[in-house]
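The chain contents come next:
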Amino acid sequence: MKMVFRWYGEKDTIPLNFIKQIPGVVGIVGALFDVPVGEVWPFDKIMKLKQRVENEGLKLEVIESVNVHEDIKLGLPSREKYIDNYIKTIKNLSQAGVKVVTYNFMPIFDWLRTNLNKPLEDGSTTMEYDHSLIENINPNQLIENVKKGTQGFILPGWEWDRLEKLEKTFEMYKNIDEQKLFENLVYFLERVIPYCEKYDIKLAIHPDDPPWKIFGLPRIITNKENIEKMLKAVDSKYNGLALCMGSLGANPNNDLPGMVRHFGEMGRIHFAHVRNLKITGKKKFHETAHPTFCGTHDMYEIMKAFYEIGFEGYIRPDHGRMIWNEKGTPGYGLYDRALGAVYLQGLWEAISKRCEN
Ligand code: DNO
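Everything quoted here is computed from the prediction, not taken from an experiment.

Draft legend 1. A look at the nonpolar core. Counting 84 residues, the largest nonpolar core has I28, L93, V101, V192, L243, V260 and I302 as its most contacted members. If you tally residues by element for this core, the top one is helix α9 (residues 178-199), at seven residues. Residues within four places of I302 in sequence aside, it is in contact with M245, L256, P257, V260, V274 and H297.

This is how it looks when you write it as C-alpha cells:
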C-alpha cells in the first residue's frame, strides 16, 4: 500500500513540507478547487499543482474529487456536455501522471454531519452525525449550521453557491428514486469507463456518507450488495472503489474487513480511506482518533484484510479530531491525521512481520 494525505492546495492551513515530514507519506491527494463542477480541468493548472507537489518531494497520483455535475445525476439532456467535459478532464489528468480519480454519486449533498465541533472528554473536538436532528430540520437550516461550523475554513464537497439553489434542485429530484439514480450512474460509467481504460485512470467511487437516505434523497452506494451491483453493471477493473471505512462503518451491518476482502479479491479497490468512529445510537455516531480502542471498528482486522489481499493501492488517514488547539478544515487538521497515518503503518508493519514469520 502507498500512504497518502489529503491536501487542499494553497488555501490549506497545512504546508506541503509538513506533510512530507509525516513518516511514510509518499504523496498527496489533491484537486483543483477553483474549477466549477462540470468544467474541464485545464492541463496547465493540473501541471502547476503537480509541479508544486513534486517540488516538495511528494507525488500527485490521486485526485479527490472530480465531482460529477448534478445534471448527470439527474439524467438531464445536458448531461452529455458534462460527460464530455469529464472525459476531457480524465485525459488531462492522465497526461499529468494521475492514476486514480475519486468521485461520488450522492444527490445534492456530499458528506453530511450535524455538528462539526463536538467537544470530547479529552478537550479535543470532532464531527458528529445525529439523524434525529436531520428529521426535524429543513435542509436550508442545516446548511446554515454547517457553514457556521466550518468557521470560514473549506469544507470539501460543499459548494455553497450550488447549495443556494436548493429548493429548485430538490424539486428536480422529486421523480428520482434509487433505481433511476442507479441508471444514471450506469449511464455515466458506460460512457466514461472506456476512456479511463484508454487513458489508464482508475475511477473510484466514494460511498455515500452517511450510508442512508437523507431528506428523502436516494442513496445507492451504501452496502456490499449495492456496491457489487454497481461494479458488475460496468464490469471493468477501471470501475472501482475509494473504499471509505468511515462512511460504510456508520452502519453496524456493514462488515468492513469482509468488504475489503471481497472487493479486494475482485481487484476493484483502488483507494481507501481508513479511519474509526464510534456508533452511539441509531443512525448516530461521532468520529474518533484512528486506533481500535477509540471507536467501534477493529482497525487491526481492517488493515489485516488489506494486507491479505495484497493491497498495492493508496490509503489515506481520514477525518481527524482537532487536537492541540489546531484550527483548520473540519476533519482535516494535521495532527490527528498524522497520528492516524503512522498508526496505520504501525499496524501494517506488525501484520506483515507476523505473516512473514
Ligand atoms: C469528506 C470526503 C468526501 C469525499 C467525496 C468524494 O471528508 O470523504 O467529501 O471526498 O465524497 O467524492
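Draft legend 2. Region of the structure containing the packing of helix α4 (residues 79-95) against α9. Between α4 and α9, whose axes approach to 10 Å, the crossing angle comes to 20 degrees. Considering the angle they form, α4 stands roughly parallel to α9. Considering how the two elements wind past one another, α4 and α9 form a crossing that is right-handed. Contact with α4, carried on its side by I83, Y86, I87, I90, K91 and S94, involves F188, R191, V192, Y195, C196 and Y199 of α9 and no other residues of that element. Of the residues contributing to the contact of α4 with α9, the split by class is nine nonpolar, one polar and two charged.

Draft legend 3. Up close: the sheet that holds strand β1 (residues 2-6). Taken together, the eight strands give a closed barrel; going around it, the order is β1-β2-β3-β4-β7-β8-β9-β12, and neighbouring strands pair in parallel fashion. When the angles between neighbouring strand axes are averaged without regard to direction, this sheet yields 30 degrees. As defined by bridge partners, strand β3 (residues 59-64) adjoins strand β4 (residues 100-103) across three bridges and the pair is classed as parallel. When the sheet's bridge partners are listed, E64 is paired in β4 with T102. On the sheet, α9 packs against β7 (202-205) and β8 (239-244) and is oriented at approximately 140 degrees with respect to β7.

Draft legend 4. Structural context of the sheet that holds strand β10 (residues 277-281). The strand order across the open sheet built from four strands is β5-β6-β11-β10, with neighbouring strands paired in antiparallel fashion. At either margin of the open sheet sits one strand with a lone partner, and together these are β5 (115-119) and β10. Averaged over all neighbouring strand pairs, the angle between strand axes comes to 35 degrees, with direction disregarded. Sheet topology note: the strand β6 (residues 125-130)/strand β11 (residues 284-287) ladder contains three bridges and is antiparallel. Across the sheet, residue Y129 finds its bridge partner in β11, namely F285.

Draft legend 5. Local environment of the site of the ligand. In the region of the ligand, 13 residues are neighbours, and S65, N104, P156, G157 and H206 sit closest. Here the shell around the ligand is built from residues that sort into four nonpolar, seven polar and two charged.

Draft legend 6. Up close: the environment of F170. Following the sequence through the fold, F170 ends up in helix α8 (residues 166-172). Separated by 137 residues in sequence, F170 and Y307 place their C-alpha atoms 42 Å apart.

Draft legend 7. Looking closely at the pairing of β6. Two elements, β5 and β6, share three bridges in a ladder whose sense is antiparallel. Along β6, the bridge assignment pairs N115 with E128. Connecting β5 to the antiparallel partner β6 that follows it, the hairpin turn spans five residues, and G123 within it adopts a positive phi of roughly 90 degrees.

Rules and cut-offs
All chains use their own residue numbering, which begins from 1 and follows the written sequence. Reporting in this predicted model follows two pLDDT cut-offs: at least 70 for local features of residues, and 80 or more for side-chain atom pairs to be given and counted; totals over whole chains, interfaces and linings ignore these cut-offs and use all residues. Think of a nonpolar core as buried Ala, Val, Leu, Ile, Met, Phe, Trp, Tyr and Cys residues chained together by C-beta atoms that fall within 7 Å. Buried residues are those with 20 or more other C-beta atoms within 10 Å of their own C-beta, exposed residues have 12 or fewer, and partly exposed residues lie in between; C-beta atoms are placed from the backbone. Strands here mean DSSP runs of E at least two residues long; helices mean DSSP runs of H or I at least four residues long; both are numbered from the N terminus. Residue pairs are scored as contacts if the distance between their C-beta atoms, which are placed from the backbone, is within 7 Å. Between N-to-C directions, angles cover 0 to 180 degrees, with each direction set by a line fitted to C-alpha atoms, over the stretch in contact for helices. By the definition adopted for this analysis, an angle is roughly parallel if under 35 degrees, roughly antiparallel if over 145, roughly perpendicular if from 65 to 115, and oblique otherwise. We call a crossing left-handed when the near helix sits turned anticlockwise from the far one by less than a right angle, and right-handed when that turn is clockwise. Here the nonpolar group is Ala, Val, Leu, Ile, Met, Phe, Trp, Tyr, Cys and Pro; Asp, Glu, Lys and Arg are the charged ones; every other residue, Gly included, is treated as polar. Strand pairing is assigned whenever DSSP detects at least two bridges linking the two strands. Here, nearness is defined through the C-beta atom: a residue counts as near a molecule or strand if that backbone-placed atom lies within 6 Å of it.

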